[in-house]
Amino acid sequence: MALGIHQWRRFNFFDKEIVKRKDGKPLEELKHIQVIASTSTNGAGGGQLIFGCSDGSICVINRDYETNHIHTFDTSLQLLAHSAGDTLIAIGMDENETKQTIKLWKTDKALVEKENTEPAKVLSLLPNDHPTSKICAVAITDRHIALGCENGAIYFFASNDLIKEKRYKFSPPFYQAERPITNLAFAEGIKPNNELILYATTESTVLSFRLVKTTPAPSISTAAAVAASVSSSLSSTLRDRRPFHITQHHQQQQAQFNITILETQIGCNPGCAVLAQSDFDGEQQFVIANSTGVFSYVGDDKRLGLGIEGEKLAIHWWFNYLITITKENRKASLMTSTTTNTTTKPPSNILSQLTANQTTTELQTLAVYDTNPQLTAYSVGIPRIQCVVNEWGYIHILTGDGELHRLIEKDLHSRLHLLFRKNCYQLALQLAKKNRTSKQGMAEIFKQFGDHLYSKNEYETATDQYCKTIGFLEPSYVIKKFLDSQHIDHLTRYLEELHREKLANTDHTTLLLNCYTKHPDRINRLAKFIGLNETSPSDVELSFDVDIAIDVCRQANYFEEALALSAKYRRHDKYIKIQIENKKDYDKALTYIQTLKFDDALQAFRNYGKSLIKEQSILTTKLLKQLNPTPQQIEQEKLPESLINLFMNNPDELLDYLEYAVKQYPKEHLATTVYDTILELLLQKYNKTNDKKENDRISHQILTLLQDSKIDIDVTRAMIACQKYNFKAGVICLYDKAKLYQQILQYQMDNQDNDEIVATCRKYGDEDPQLWIQALSYFSKLKSADGCRKEIQQILKYIDENDLLSPLLVIQTLSNNESTSLDLLKDYLIRKLRSEQTQIEKDQSEIRRFRQESGDISKKIKALETGPILCQDPKCSACKMDLDLPCIHFFCEHSFHEHCAYAIESTTSSEIIYECPLCSGDNRKWLDLINNQRVDKDIHETFHRKLDNQQDKFGVIAEFLGHRLFDKE
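Owing to the predicted nature of the structure, the values given are computational and were not obtained by experimental measurement.

## Regarding the sheet that holds strand S6 (residues 57-61)
Point 1. Here 4 strands make up an open sheet; going across it, the order is S4-S5-S6-S7 and the pairing antiparallel. Since the sheet does not close on itself, it has two edges, and those belong to strand S4 (35-40) and strand S7 (67-71), each with one partner. Between one strand and the next, the sheet's axes are offset by a mean angle of 20°, whatever the strand orientation.
Point 2. Taken together, the 4 bridges between strand S5 (residues 49-53) and S6 define a ladder with antiparallel strand orientation.

## Structural notes on the sheet that holds strand S32 (residues 404-409)
Point 1. Read from one edge to the other, the open sheet built from 4 strands follows the order S3-S32-S31-S30, with strand pairing classed as antiparallel. Two strands lie at the open edges of the sheet, namely strand S3 (14-18) and strand S30 (385-391), each paired on one side alone. Strand-to-strand, the axes of this sheet are offset by a mean angle of 25°, without reference to chain direction.
Point 2. Two elements, strand S31 (residues 394-399) and S32, share 4 bridges in a ladder whose sense is antiparallel. Bridge pairing in S32 links His396 to Arg406.

## Points about helix H20 (residues 692-707)
Point 1. Counted at 1.5 Å a residue, the expected span for H20 with its 16 residues is 22 Å, and the 22 Å between its end C-alpha atoms agrees.
Point 2. Among the residues making up H20, those that are buried are Asn695, Ile698, Ser699, Ile702, Leu705 and Leu706. For H20, the buried positions fall inside an angular range of 125° around the axis, keeping them on one side. Along H20, the residues that are exposed and aim more than 90 degrees away from the buried face are Lys693, His700 and Gln707.
Point 3. In this fold, the buried residues of H20 make contact with helix H19 (672-688), helix H21 (715-724) and helix H22 (728-738).

## Description of the packing of aromatic side chains
Aromatic rings in a pair are described by how distant their centres are and how their planes are angled relative to each other.
Point 1. Inspection of the entire model under this criterion finds 24 aromatic pairs.
Point 2. Ring geometry for Tyr65 against Trp392: centres 5.5 Å apart, planes inclined by 80°, an arrangement best described as edge-to-face. One end of the pair, Tyr65, is in the loop between S6 and S7; the other, Trp392, is in the loop between S30 and S31, and 327 residues separate them in sequence. Grouping residues by exposure puts Tyr65 and Trp392 together as buried.
Point 3. Ring centres of Tyr199 and Phe286 lie 4.7 Å apart, and the angle between their planes is 5°; on these two criteria the pair is classed as stacked. A residue pair is termed long-range when its members are at least 10 positions apart, and Tyr199 in strand S17 (residues 195-201) and Phe286 in strand S23 (residues 284-290) qualify at 87 residues.
Point 4. Since its relative accessible area comes to 1%, Tyr199 is described here as buried.

## Focus: the side chain of Asn183
Point 1. On the secondary structure map, Asn183 appears in strand S16 (residues 183-190).
Point 2. Separated by 2.9 Å, the side chain of Asn183 and the backbone nitrogen of Gly271 make a polar contact.
Point 3. Those residues in contact with Asn183, other than ones at most four positions away along the chain, are Ala137, Tyr199, Ala200, Thr201, Cys268, Asn269, Pro270, Gly271, Cys272 and Ala273.

## Remarks on the nonpolar core
Point 1. The biggest cluster of nonpolar side chains holds 148 residues, and the ones touching the most others in it are Phe13, Phe14 and Leu366.
Point 2. In terms of residue count, helix H15 (residues 598-615) provides more of this core than any other element does, 8 residues in total.
Point 3. Leu366 has contacts with Ile323, Thr324, Ile325, Tyr378, Ser379, Val380, Ile385, Val388, Ile397 and Leu407, leaving out every residue within four places of it along the chain.
Point 4. Counting residues in each nonpolar core, the second largest holds 22 residues, with Ile91, Val138, Cys149 and Tyr168 among its members.

## Quick notes on the pairing of strand S13 (residues 144-149)
Consecutive side chains along a regular strand alternate between the two faces of the sheet.
Point 1. Of all 6 residues in S13, 6 are buried; the element is thus mostly enclosed.
Point 2. With burial as the criterion, each face of S13 is covered, one bearing His144, Ala146 and Gly148 and the other bearing Ile145, Leu147 and Cys149.
Point 3. Inspection of the sheet shows strand S12 (residues 135-140) paired to S13 by 5 bridges, in the antiparallel sense. Counterpart to Ala137 in the pairing with S13 is Gly148.
Point 4. Linking S12 to S13, which pair antiparallel, is a turn of 3 residues.
Point 5. Where S13 lies against strand S14 (residues 153-158), 5 bridges are found, and the strand directions are antiparallel.

## Some points on the environment of Glu865
Point 1. Turning to its location among the elements, Glu865 is positioned in helix H28 (residues 823-866).
Point 2. By relative accessible area, which is 64% here, Glu865 ends up exposed.
Point 3. When the C-alpha atoms of Glu865 and Phe891 are compared, they prove to be 9.9 Å apart, with 26 residues separating the residues in sequence.

## Here we look at the pairing of S31
Point 1. Taking burial as the measure, the 6 residues of S31 include 5 buried ones, the bulk of the element.
Point 2. Sheet topology places S30 next to S31; 6 bridges connect them, and they run antiparallel. In the sheet register, Cys387 faces S31, and the bridge partner there is Leu398.
Point 3. Joining the antiparallel neighbours S30 and S31 is a turn of 2 residues, in which Trp392 adopts a positive phi near 60°.
Point 4. Connecting S31 to the next strand, S32, in antiparallel fashion are 4 residues, including Gly402 with a positive phi near 85°.

## Quick look at a nonpolar patch on the surface
Point 1. Together, Tyr902, Ile904 and Ile913 give the surface a local cluster of nonpolar side chains, amounting to about 260 Å² of exposed area.
Point 2. In this structure, Ile904 sits in strand S35 (residues 902-905).
Point 3. Owing to a relative accessible area of 32%, Ile904 belongs among the partly exposed residues under this scheme.

## Section: the pattern of salt bridges
Point 1. Tallying each qualifying case throughout the model produces 33 salt bridges.
Point 2. Linking Asp551 and Lys574 is a salt bridge whose minimum nitrogen-to-oxygen distance equals 3.0 Å. Taken together, the residues span a long stretch of sequence, with Asp551 in helix H11 (residues 546-555) and Lys574 in helix H13 (residues 572-582) at a distance of 23 residues.
Point 3. According to the relative accessible area criterion, Asp551 is partly exposed, its value standing at 27%.
Point 4. When the shortest N-O distance is used, the salt bridge between Lys625 and Asp656 registers 2.8 Å. Highlighted residues: Lys625 in helix H16 (residues 617-625) and Asp656 in helix H18 (residues 651-664), separated in sequence by 31 residues.
Point 5. Residue Asp656 is classed as partly exposed on the basis of its relative accessible area, which comes to 34%.

## Observations regarding the confidence of the model for the protein
Regions with low pLDDT should not have their predicted coordinates read in detail.
Point 1. Confidence in the prediction for the protein averages 80 pLDDT; 84% of positions are at 70 or higher.
Point 2. Put simply, strand S19 (residues 235-237) is where the protein has its lowest mean pLDDT, 32, and S12 is where it has its highest, 94.
Point 3. This model gives residues 217-251 a pLDDT under 50, and the stretch forms 104 contacts once residues within four places in sequence are excluded.
Point 4. With pLDDT under 50 throughout, residues 331-360 is counted as low confidence; its partners more than four residues away or in other chains account for 17 contacts.

Basis of the calculations
- Residues numbered from 1 in each chain as written.
- Predicted model: local features only at pLDDT ≥ 70, side-chain atom pairs only at ≥ 80, totals over all residues.
- Heavy atoms only, no water.
- Pairing = 2+ DSSP bridges.
- Helix = DSSP H or I, 4+ residues; strand = E, 2+ residues; numbered from the N terminus.
- Axes fitted to C-alpha atoms, helices over the stretch in contact; angles between N-to-C directions.
- Expected span 1.5 Å × (residues − 1).
- Buried < 20%, exposed > 50% of the residue type's maximum accessible area, 1.4 Å probe, protein only.
- Arc of directions from axis to C-beta.
- Contact = heavy atoms within 4.5 Å.
- Phe/Tyr/Trp six-rings, centres within 6.5 Å; stacked < 30°, edge-to-face > 60°.
- Polar contact = N/O pair within 3.5 Å; in protein donor to acceptor, adjacent residues only side chain to side chain.
- Core = buried A, V, L, I, M, F, W, Y, C linked by side-chain atoms within 4.5 Å.
- Patch = residues over 30% accessible without salt bridge, like charges linked within 9 Å, V, L, I, M, F, W, Y side chains within 5 Å.
- Areas by Shrake-Rupley, 256 points an atom, 1.4 Å probe, with all protein chains shown as cover.
- Salt bridge = Lys/Arg side-chain N within 4 Å of Asp/Glu carboxyl O.
- pLDDT = per-residue confidence, 0-100.

This is the structure:
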């Protein structure tokens, strides 16, 4: 049943203007043509308007609205059609032809271009072949042609390329209607199988033919195999019009169609059917129009009927608009007005005739309908319309007087403004949605719609619209409108929706909770809102921010609800915070922490551990021990040092916890801070304890800690702590561990531990003998009654045994102590004098021996220089063979064959110098020693001389460092 459109609102969504060229002149050429058929190239070749004229020519208009004529048919042009791609078909009559001629163009280039003015393919129908009747309808794609005839026959041809196809052969018609075919249209890519559907109409029927894909016979060519053609014979001609005859061998395979009769009592006239494709979802519809209405079909189904009355002359589809041309029953009077003013110029004869005779003409109405939303977008009455063509985003109208008009669609903002002025907000929303308006734009329409409803006191529906603006409109705008107590339900609903979209802040949640408190069933409403009645968090979809809701309940003193919400949605931090800070229930807080996983429990202790230890120190420490982290967690969380700050005022509990951690946790994961803290806590405990037994235990514990080589302890910090709490054993232990023996001695001297000083010297004196000297110096300055006689004797004994100091230095050192008597040094000095006397006698004996050897050597040298040397050894000193010439005799009275002696090249001449093989080793050693002494003397003198003269002191030092001047032997 067709839907009436008499209730559709009328608007003016288009502006109409007369088309002119760039120079501002009208298209005068169009006033002399009569259009039989028209089409456009759908953007191909830059877009072209194509008018088929009654004289057989084609009028082509380009984007600049420049007109050109192409002579196409000798007699008449009858049909025009353009594919969705770039193929144009024209059917007409030529001279000397008994049947119609079919011509094809490629429109990827403009038709007016020189190489494209002639058709790319010309097909002449032979007298005895199909079609046997006049063609009155045509449809085309880039691969298919369908022809409808006056006798009701429908022909079909397919090819991979209609232009390049050389074998055209139409079989008999695949369908025979009772009446002439009025319209044909192809629908390609029909889902789900990318099928092809051909729609056909007569004056009383509507049919659809779904092409069935078949497997081609082996003898058919590749192009013919893809085609599913039928109908009568055709012969192809090239541009030179030479016929190309097809034999039966090239006949194509019969195409198969599934035929559906969509209508048996409804049809349409020629030009009153169009294939429409929605820009919104891409769905293709076949639309027909007749005097009863407009009907659309998709595939084999009928979709929609619109009750648009009136005799339809033509229909078109442009984007989402349906364009109808309707013949009105009334007559329109066209009368030129005259004036009775005698002062004006008399009208001309032609004007007088028009004034005297009233002219009547049939009025045609062009209407543009938008089916979604349902409205009339434009309507205008025009005396006569030759054709309507869509191209370049405009609707072009060629009137009977040859004027070309175009309808320009107003922008979306202007169209919406027209709808707003008439309060047509529902239509505005549909229009905006169809044009894929942004969410922000849609929200603005909802806002204006809500304001309109609010002004009419329709608060419920206004709230519906305001809820749709959430996320774009500032919530305060809506909240202000419903702050009155009488609107509390509307405000509550809006706030609930705001929470459902998770866009509420603390103030919104507070306001909503306040609304609930004013509601009679406030407890249940609040429980329902926060989802406390559900057994698990997954039972309800959260419509609010849980954290905000908990905070608001807490601020409003709804502690039980806040706790329940925190526990349900695992907001552990908030639960513990409420228990500690608001309810002061530390036991429940600890009980809750005990149920948490390691990470959550650790975070809870870090946040609230100080308060818990302050109030429940024993229980809190016990729970900390129960954390049981893995080695990886110990390292990542830096346990237990990261928890030390929690025990600021509870040193005993801290020591207990750290000692437990040291025993349980791997030592390699424990930081130095842990042991440093334990040491300081033990020292504090040691300093405060008066019980000797307890002090001994703590002291032993401290020393064990300090002496443990596996523990990485901060020595400096430990030293400061031991000195701070006067723990002497710890200080000495640390010095001992660092091998700072002199610091140990100095520390004992500072504390006047005389007995310990000598013991320290005995213990470490072998490693550092200077300790004895340092101790002697200390005791020599110490004033005491006995003059430290015992200690000094022990020190002197060791100094004497190891010869650490000369007697003179010992006497000078002890002279500082007035209480030290000479008899204390008597034995030491006697032993020292005897030892030195013995050494003097030994040294004098060595001097005499060296003098004797030196005199002998001098005499020998003088003899060598003045007297002859007698070589009496007849044998070679090296090989022990008899000497023969040539032979070499040395001053050392050794003789050698020439080849047995060492030959050395002289550095100052070309002579060869020989050395005695037996004496050269000792001689060279003495020569090197003498040379080194000379060099050392010279190099030191040179160094000091350059150092005095050069400005770059550091450069001189660096140079002589390279000479190894400062190397220690």
